[in-house]
Amino acid sequence: MHLALYLSDTGLHAGGWRHPAAENPDPMRLDTWLTLVKKAEAAKFDFAFVADKLSIDDIYGGDIATTVQYRPGYARPEPMALLTALALGTERIGLGGTLSTTYGEPFHAARTLATLDHFSHGRMAWNAVTSTNDGEARNFSRMQHMGHAERYRRADEFIAAVHQLLASWQPGARVVDKASGIYVDASKVRYTRFNGEHFHIQGPLTVAAPPQGRPVQILAGVSADFKAVAMRVGEVIFTVHPERERACAFYQQFKEDMVAIGRAPDACKILPGVMPIVGKTHREAQEKRARLDELVDPLAGLSFMSASMNYDLSQHDPDALFPDIFDRISGSKGRFEYVIAEARRQGKTLAEVAKRYAASASFPVMAGTAEEIADEMMAWVESRACDGFVLMPADMPASLNDFADQVVPVLQARGAFRKAYSGTTLREHLNVPLE
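Reading the values: rules and limits
Residues numbered from 1 in each chain as written. Predicted model: local features only at pLDDT ≥ 70, side-chain atom pairs only at ≥ 80, totals over all residues. Heavy atoms only, no water. Helix = DSSP H or I, 4+ residues; strand = E, 2+ residues; numbered from the N terminus. Expected span 1.5 Å × (residues − 1). Bend = angle between axes of the 7 residues up to and from the residue. Buried < 20%, exposed > 50% of the residue type's maximum accessible area, 1.4 Å probe, protein only. Contact = heavy atoms within 4.5 Å. Disulfide = S-S within 2.5 Å. Axes fitted to C-alpha atoms, helices over the stretch in contact; angles between N-to-C directions. Parallel < 35°, antiparallel > 145°, perpendicular 65-115°, else oblique. Left-handed = near helix turned anticlockwise from the far one by under 90°. Nonpolar A, V, L, I, M, F, W, Y, C, P; charged D, E, K, R; others polar. Salt bridge = Lys/Arg side-chain N within 4 Å of Asp/Glu carboxyl O. Arc of directions from axis to C-beta. Polar contact = N/O pair within 3.5 Å; in protein donor to acceptor, adjacent residues only side chain to side chain. Phe/Tyr/Trp six-rings, centres within 6.5 Å; stacked < 30°, edge-to-face > 60°. Lys NZ or Arg CZ within 6 Å of the ring centre and 35° of its normal. Lys, Arg positive; Asp, Glu negative; His and termini not counted.

Visitor: What should I look at first to understand helix 14 (residues 398-413) in this one?
Guide: Because the α-helix completes a turn every 3.6 residues, residues three or four places apart line up on one side. An ideal rise of 1.5 Å per residue puts 22 Å on 16 residues; helix 14 measures up with 22 Å between its terminal C-alpha atoms. By the largest-angle criterion, valine 407 marks the main kink of helix 14, which is about 35°, and a proline, proline 409, follows within four residues. Taken residue by residue, helix 14 has Ser399, Leu400, Phe403, Ala404, Val407, Val408, Val410, Leu411 and Gln412 as its buried positions. Buried residues belonging to helix 14 abut strand 1 (2-6), helix 1 (30-42), strand 11 (269-278), helix 9 (282-294), helix 13 (370-382) and strand 13 (388-391). One or two steps after helix 14, the chain reaches glycine 415, where phi turns positive at roughly 75°.

Visitor: How do you make sense of unusual backbone geometry when you look at a structure like this?
Guide: Outside of glycine, negative phi angles account for most residues, and trans bonds account for most peptide bonds. Omega for the peptide link from glycine 203 to proline 204 comes to -5°, which places this bond in the cis form. One can find proline 204 in the loop between strand 8 (200-201) and strand 9 (216-220). For the bond running from methionine 396 to proline 397, omega is 0°, close enough to zero to count as cis. Structurally, the position occupied by proline 397 is in the loop between strand 13 and helix 14. The backbone of arginine 384 shows a phi angle near 60°, a positive value even though the residue is not glycine. The residue arginine 384 is located in the loop between helix 13 and strand 13 in this model.

Visitor: Explanation requested: the state of the cysteines in the structure shown.
Guide: Throughout this description, disulfide means a covalent bond between two cysteine sulfur atoms. For the coordinates displayed, the defined rule picks out 0 disulfides. In this structure cysteine 248 is a free cysteine whose sulfur lies 8.3 Å from that of cysteine 386, the closest cysteine sulfur available. Free of any disulfide, cysteine 268 has its nearest neighbouring cysteine sulfur in cysteine 386, separated by 13 Å. With relative accessibility at 0%, the residue cysteine 268 sits in the buried group.

Visitor: Help me out: how do you make sense of the packing of helix 1 against helix 3 (residues 79-89) in this one?
Guide: Helix-helix packing is described using two parameters, namely the angle between the two axes and the distance between the axes. The contact between helix 1 and helix 3 brings their axes to 10 Å, and the two run at 55°. Classified by the interaxial angle, the pair formed by helix 1 and helix 3 is oblique. For the element pair helix 1 and helix 3, the recorded crossing hand is right-handed. Contact with helix 1, carried on its side by Leu30, Trp33, Leu34, Val37 and Lys38, involves Leu82, Ala85, Leu86 and Gly89 of helix 3 and no other residues of that element. Looking at the contact of helix 1 with helix 3 residue by residue, the class counts come to 7 nonpolar, 1 polar and 1 charged.

Visitor: Any chance you could explain the pattern of salt bridges here in plain terms?
Guide: Where charged atoms from two side chains of opposite charge come close, those side chains can pair. Tallied over the full model, the rule gives 17 salt bridges. For arginine 76, the salt bridge goes to aspartate 9, with nearest N and O atoms at 2.7 Å. Separated by 67 residues along the polypeptide, arginine 76 in the loop between helix 2 (65-70) and helix 3 and aspartate 9 in the loop between strand 1 and helix 1 bring together distant segments of the chain. Sharing partners across several salt bridges, the network here consists of Lys53, Asp57 and Arg71.

Visitor: When you look at the packing of helix 13 against helix 14 in this model, what are you seeing that I'm missing?
Guide: Contact geometry for helix 13 and helix 14: axes closest at 9 Å, N-to-C directions at 55°. Comparing their axes, helix 14 and helix 13 come out oblique. Crossing of helix 13 over helix 14 shows right-handed handedness. Counting all contacts with helix 13, which are made through Ala370, Glu371, Ile373, Ala374, Met377 and Met378, the residues of helix 14 involved are Phe403, Gln406, Val407, Val410 and Leu411. Here the contact of helix 13 with helix 14 is composed, by residue class, of 9 nonpolar, 1 polar and 1 charged.

Visitor: Which parts of the structure should I look at to understand helix 3?
Guide: All buried positions along helix 3 are accounted for by Pro79, Met80, Leu82, Leu83, Leu86 and Ala87. The buried residues of helix 3 occupy one face: seen down the axis, they fall within an arc of 150°. Residues of helix 3 that are buried make contact with helix 1, strand 2 (47-50), strand 3 (94-100), helix 4 (106-119) and strand 4 (124-129). The N-cap of helix 3, judged by a side-chain oxygen 3.1 Å from the amide nitrogen of methionine 80 a few residues on, is glutamate 78.

Visitor: Which parts of the structure should I look at to understand the packing of aromatic side chains?
Guide: All chains considered together, the criterion is met by 12 aromatic pairs. Centroid distance phenylalanine 49 to phenylalanine 238: 5.5 Å. Interplanar angle 75°. Geometry classified as edge-to-face. Pair noted here: phenylalanine 49 is in strand 2 and phenylalanine 238 is in strand 10 (residues 236-239), with a separation of 189 residues, a long-range link. Note on accessibility: phenylalanine 49 and phenylalanine 238 belong to one class, buried. Look at tyrosine 103 and phenylalanine 140: their rings are 5.1 Å apart centre to centre, the planes differ by 20°, and that puts the pair in the stacked class. Of this pair, tyrosine 103 sits in the loop between strand 3 and helix 4 while phenylalanine 140 sits in the loop between helix 5 (134-138) and helix 6 (148-166), and the two are 37 residues apart along the sequence. Against the face of tyrosine 338 rests arginine 246, its NZ or CZ located 3.8 Å from the ring centre.

Visitor: I would appreciate a short explanation of the side chain of aspartate 117 in the present structure.
Guide: Inspection of the secondary structure assignment puts aspartate 117 in helix 4. Notably, aspartate 117 is buried but unbridged: the nearest opposite-charge side chain belongs to arginine 427, and the N-O separation is 7.1 Å. Apart from residues no more than four positions distant in its own chain, aspartate 117 is found in contact with Gly122, Arg123, Met124, Pro210, Pro211, Gln212 and Pro215.

Shown next, in the form of structure tokens:
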């Protein structure tokens with residue numbers, strides 16, 4: 001299986017930073033991040049990646065107060081600068097960063113990514129996101145976030161433009177022939193001349209061809225608009241599937257759709273997020289999970305959900321049945337279609353769902369011994385629910401250390417995960433050659 005690390009200084013679980021054993025190191029110190037990535041590299045993870053958001057969430061109640069008071073994660077380094085430093089401090093692990101296709105330009109993205117792929121000797125990936133809410137729009141001179149369908153049309157074009165820019169230089173273009181006076185073979189550099197609905201770019205790029213040809217393309221989501229883009233260009237798909245049965249159905253349909261458009265099914269790896277909580281005994285793991293869940297403040301979940309939905313939940317009674325609002329949200333629709341439907345089917349209140357959502361963000365939680373977690377992970381892969389996982393540690397660094405030190409050796413002993421890197425580039429780790 002393939003394993004990636006979702007890189008967070010506090011962990012995904014909203015109660016993680018409050019756990020008595022949590023260290024809560026300064027996120028603005030490089031060694032905070034480098035320690036985590038080196039741990040993942042020692043465990044032979046395929047890659048680590050950094051998520052990003054372009055605003056401090058202020059959808060809930062129309063203010064940032066709830067977010068900054070109850071949710072860590074908004075005083076963190078800019079991802080591309082962080083990845084530059086991490087590339088220089090590591091040797092083999094892949095590194096992925098998030099870039100917005102709604103609030104960015106393809107030329108700038110391509111130049112940054114190509115540079116980082118050179119500096120890391122071919123270990124870069126990029127997670128193309130459409131961003132989620134109006135707060136991000138207001139940081140880029142817009143009053144309102146684009147609609148869901150329009151965002152994905154722009155994203156599709158943005159990614160195509162980046163790929164064409166990265167291909168504007170062929171490998172070996174720089175010849176440095178002193179005798180002839182030719183520094184670059186002009187036949188190996190061409191204009192891009194990209195013309196679309198949103199972007200018109202002459203090119204070529206001002207950075208030579210990256211070592212991987214282009215960095216690995218990550219996409220995250222489960223909505224219909226997302227899948228339409230991902231099945232054409234995605235090389236790693238980061239999904240949210242709380243149940244194995246739903247993951248199996250998604251996996252089968254997605255791979256069939258890839259084949260239908262002429263792509264090999266192995267050209268894209270499907271990696272759902274998973275939160276493992278490891279204990280020496282099953283009971284110990286369950287007790288840790290319960291303790292973490294107790295530490296979640298419902299306001300952390302309400303802020304988190306409001307931002308992801310791009311819908312202010314403060315207008316609803318938190319102690320009433322979760323409102324039927326799916327048609328009114330414009331953020332992460334694919335994720336919340338299931339969340340809202342399940343909440344209403346189970347008769348859950350808004351506060352109950354918010355607290356639960358802040359604990360896992362709807363990712364499956366595997367709480368048990370190292371052997372039990374390895375069993376479950378292998379069952380997902382063997383039943384063709386996924387090609388591996390994105391590890392979403394509950395708290396940092398404890399959950400990462402527990403997984404790396406206890407679960408990974410079990411997976412390795414069973415032949416389910418590598419014991420050593422066999423290649424140097426991220427494409428080689430993932431076995432996704434450039435198409």
